[in-house]
Amino acid sequence: MFPTYDVIVVGAGHAGCEAAVAAANMGSKVLLATMNMNTIAQMSCNPAMGGVAKGQIVREIDALGGYSGIVTDHTMIQFRLLNRSKGPAMWSPRAQSDRMLFAAKWREMLEAHPNIDFWQEMITGIVVKDNMAKGVQTGLGLEIPAKSVILTNGTFLNGLIHIGEKQFGGGRAGEKAATGITAQLESLGFESGRMKTGTPPRVDGRSLDWDKMELQPGDENPGKFSYTDTPKLEKQRPCHITYTNKEVHELLKTGFNRSPLFNGRIRGLGPRYCPSIEDKIDRFADKDRHQLFVEPEGWNTVEIYVNGFSSSLPEEVQYKAMQLIPGFENAKMFRPGYAIEYDFFQPTQLKLNLETRLVRNLFFAGQINGTTGYEEAGSQGMMAGINAHQAINDLEPFILKRSDSYIGVLIDDLVNKGTKEPYRMFTSRAEYRILLRQDNSDIRLTPLAEALGMENMEERMERVKLKEEKIEEIRDYIRQLSVGPDELNGFLESKGSAPLRQKMKLDKVLLRPNINLESLSTALPHLKEYLSGHEPEFVSSAEIGMKYEGYIRKEQEMVDKMNRLESVKLHDTFDYHSLSGLSAEAREKLTQLKPMTIGQASRISGVSPSDISVLLVHLGR
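My aim in this report is to walk through the structure given alongside it, one point at a time. None of these values were measured; they are calculated from a predicted model. (Residues numbered from 1 in each chain as written. Predicted model: local features only at pLDDT ≥ 70, side-chain atom pairs only at ≥ 80, totals over all residues. Heavy atoms only, no water.)

1. Describing the sheet that holds strand β11 (residues 160-163)
Then comes step 1: Pairing is antiparallel across the open sheet formed by 4 strands, whose spatial order is β12-β11-β20-β13. A single partner strand is all that each edge strand has here, and the edge strands are β12 (166-169) and β13 (192-199). With strand direction ignored, the average angle separating the axes of adjacent strands in the sheet is 25 degrees.
Then comes step 2: Relative to strand β20 (residues 338-345), β13 is paired through 8 bridges, and the arrangement is antiparallel. Paired with Thr197 across the bridge in β20 is Ile340. (Pairing = 2+ DSSP bridges. Helix = DSSP H or I, 4+ residues; strand = E, 2+ residues; numbered from the N terminus. Axes fitted to C-alpha atoms, helices over the stretch in contact; angles between N-to-C directions.)

2. Details of the packing of helix α2 (residues 54-63) against helix α11 (residues 441-452)
Then comes step 1: At their nearest, the axes of α2 and α11 sit 8 Å apart, and the two run at 35 degrees to each other. In the packing of α2 onto α11, the handedness of the crossing is right-handed. Counting all contacts with α2, which are made through Gln56, Arg59, Glu60 and Ala63, the residues of α11 involved are Ser441, Asp442, Arg444, Leu445, Thr446 and Ala449.
Then comes step 2: For the contact of α2 with α11, the residue count by class is 3 nonpolar, 3 polar and 4 charged. (Left-handed = near helix turned anticlockwise from the far one by under 90°. Contact = heavy atoms within 4.5 Å. Nonpolar A, V, L, I, M, F, W, Y, C, P; charged D, E, K, R; others polar.)

3. With respect to unusual backbone geometry
Then comes step 1: You will see that Asp394, though not glycine, has its phi angle at about 55 degrees, which is positive.
Then comes step 2: Along the chain, Asp394 turns up in the loop between α9 (374-392) and α10 (406-417).
Then comes step 3: A relative accessible area of 72% places Asp394 in the exposed class.
Then comes step 4: One non-glycine residue, Asn456, lies in the positive phi region at around 60 degrees.
Then comes step 5: Checked against the element boundaries, Asn456 lands in the loop between α11 and α12 (458-480).
Then comes step 6: A relative accessible area of 59% places Asn456 in the exposed class. (Buried < 20%, exposed > 50% of the residue type's maximum accessible area, 1.4 Å probe, protein only.)

4. So, the sheet that holds strand β17 (residues 291-296)
By way of backbone hydrogen bonds, the strands of a sheet pair with one another, either parallel or antiparallel.
Then comes step 1: One open sheet accounts for 6 strands, arranged β15-β16-β17-β18-β14-β19; its pairing is antiparallel. Each edge of the open sheet is held by one strand with a lone partner, namely β15 (214-216) and β19 (333-335). Pairs of neighbouring strands in the sheet enclose a mean axial angle of 35 degrees, with direction left out of account.
Then comes step 2: The sheet contact formed by β15 and strand β16 (residues 239-243) spans 3 bridges and is antiparallel. The residue of β16 that forms the bridge with Leu215 is His240.
Then comes step 3: Contacting β14 (202-204), β18 (303-307) and β19, helix α8 (residues 315-322) runs over the sheet at an angle of about 150 degrees to β19.

5. Digging into the state of the cysteines
Then comes step 1: Inspection of the entire model under this criterion finds 0 disulfides.
Then comes step 2: A disulfide-free cysteine, Cys17 has its sulfur positioned 17 Å from the sulfur of Cys45, the nearest such atom.
Then comes step 3: Unpaired in terms of disulfides, Cys239 finds its nearest cysteine sulfur in Cys45, a separation of 14 Å.
Then comes step 4: Residue Cys239 is classed as buried on the basis of its relative accessible area of 2%. (Disulfide = S-S within 2.5 Å.)

6. Regarding the packing of α11 against α12
Each pair of packed helices gets described by two things: the angle between the helix axes and the distance between those axes.
Then comes step 1: As a packed pair, α11 and α12 sit with axes 10 Å apart at the nearest point and diverge in direction by 145 degrees. Read as a crossing pair, α11 and α12 show a hand that is left-handed. Here Asp442, Ile443, Thr446, Pro447 and Glu450 of α11 come into contact with α12, specifically with Arg460, Met461, Val464, Lys467, Glu468 and Ile471.
Then comes step 2: Class assignment of the residues belonging to the contact of α11 with α12 gives a composition of 5 nonpolar, 1 polar and 5 charged.

7. Some points on the pairing of β12
Then comes step 1: The pairing of β11 with β12 spans 4 bridges and is antiparallel. Bridge pairing links Leu160 to Gly169 in β12.
Then comes step 2: Between β11 and β12, which pair antiparallel one after the other, the connecting turn spans 2 residues, and Gly164 there sits at a positive phi close to 60 degrees.

8. Quick notes on the side chain of Arg402
Then comes step 1: Residue position: Arg402 is located in the loop between α9 and α10.
Then comes step 2: Looking at Arg402, its side chain comes within polar contact range of the side chain of Asp412, at 2.9 Å.
Then comes step 3: Looking at Arg402, its side chain comes within polar contact range of the side chain of Glu431, at 2.9 Å.
Then comes step 4: When neighbours within four sequence positions are excluded, Arg402 is seen to be in contact with Gly408, Val409, Asp412, Asp413, Arg429, Glu431, Tyr432, Leu436 and Arg603. (Polar contact = N/O pair within 3.5 Å; in protein donor to acceptor, adjacent residues only side chain to side chain.)

9. As for the packing of aromatic side chains
Then comes step 1: One pass over the structure, following the stated rule, counts 9 aromatic pairs.
Then comes step 2: With a centroid separation of 5.9 Å and an interplanar angle of 70 degrees, the aromatic rings of Phe79 and Phe225 are classed as edge-to-face. Separated by 146 residues along the polypeptide, Phe79 in strand β4 (residues 76-82) and Phe225 in the loop between β15 and β16 bring together distant segments of the chain. Each of the two residues, Phe79 as well as Phe225, counts as buried.
Then comes step 3: Between the aromatic rings of Phe345 and Phe364, the centroid separation amounts to 5.7 Å while the plane-to-plane angle is 50 degrees, which identifies the pairing as tilted. Here the residue Phe345 occupies a position in strand β20, and Phe364 occupies one in strand β21 (residues 362-364), the gap between them amounting to 19 residues. When sorted by exposure, Phe345 lands in the same class as Phe364, which is buried.
Then comes step 4: Within the aromatic cluster, the residues linked to one another by ring pairs are Phe190, Phe345 and Phe364.
Then comes step 5: Above the plane of the ring of Tyr227 lies Arg59, whose end atom (NZ or CZ) is 4.1 Å from the centre.
Then comes step 6: The ring of Tyr243 has Arg289 lying over it, and the distance from NZ or CZ to the ring centre is 3.7 Å. (Phe/Tyr/Trp six-rings, centres within 6.5 Å; stacked < 30°, edge-to-face > 60°. Lys NZ or Arg CZ within 6 Å of the ring centre and 35° of its normal.)

Coordinates in, geometry out; function isn't part of it.
Here is the structure:
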């Protein structure tokens, strides 16, 4: 009935979709298995992509040939570039999406791929022979053969939904949980744990008083995620901001004795950086109010997502408290918020290519690895898809370093440090974030994808080469352009900047605080005319490269030093217990995690600089 697939992907959320696309674009024949074909790429929580550090990840996925950025550009209803008041290393794109269009576009693109087949049924187990994944078993008792398997189960593994004192099995509202896989993996020796996430109520936008809330429009000149020729956003829907208050908090507290979060029914740890409203009230008791983002779910729906009001309190408590929020006095609820507990597997049980250490050709991606967020999941799925293809073809694993991408930081953190709570990416987690900007993801990563053999990269590489040429052309023009006091001193005075005493090259003026090309062009008509002939993205990248050149150079020097450690290879069979100079903890951790390089070993919790010195001496370095 079934051919032997190269890759079977279990689960069609954000990780599963990107895994299927990546393996298929590498040339593998893929089966994407899901319990419900109608929920492929469902936005289970907020109807948005990107955000702080997450936006950089979406751009990296796109630069490597993934689809998340393309789908977002086709289906977004608002775009904002966050953190513009900070340096460019912090700039993060974020888009509100039309929830229904997003899932529909993903399915359309998946179905258009000749290398992807689909199967709708619960997968209850993995076929394992000689410690190698050989396929999957279904709820109907079918066995589908494959050369590799990628598990992207999201919140479905033994999922348990909590609303007040009620609890019931489910992987998402209205969908049943997946069973069987956790027990099998534990029998194979895997360590599992429980995590918790949650979602807020959905409400009827027709019942809200929008005049009582702050308007939050999109950017005047909206950007996009994909480096390909996706449509420009011509119109946008606004979001709104409102706040909780003391009365809201007091009413919510009346349900705390029935909260599964506080009475011990929820065992899994929730996300530290996206807590439920009751958790916020408990942890930040000194705060009188909390900000709420009121987000539309699409172009043609009245459904509203109340971002910041995630809750597992009894539904009547949620409802009464909500009606005390400004603008929500007459709110009608479509469904209450809930918490969901699910199984995950400590990611220290993986190699850097996301293959499990215990079973060959078995890969984990997404929330099964303890992460939270569509973007983190999608990036892991893409890397697992690429590496499943590499593994079954006896090719070198594709591993991104911390200096290559946020994706490299994410996977390196998970594999070397593990996680005790849902992992979320932040710019602060990346030590080389000046290099890992959202504007240069294509320059950093597209050449790697082309060298890897990813399909359809020729046009992308032409675009990258054009971008590099134009950036250099713009930089040459700025460096060679001289400006005098009579041209600029009035402008400089308006900016509180020291006047020029003589002619100066424009790139030197650009280094001053509060000075940028956009403002300079208002004072220099010939500059404005020149820049108008270039794409804004190219101009921005050229400006960043000039303005922060010294910082970029210093960070690159740090990377070069670290890469010397990354070039010193270690092997799976290395006997760390034979080195008496290592600490006991280092011997234990290194034996367990089997780092591939000295650089990776140096980032393992419990391995000290002196332990690294012992290893380098032993290796003759």
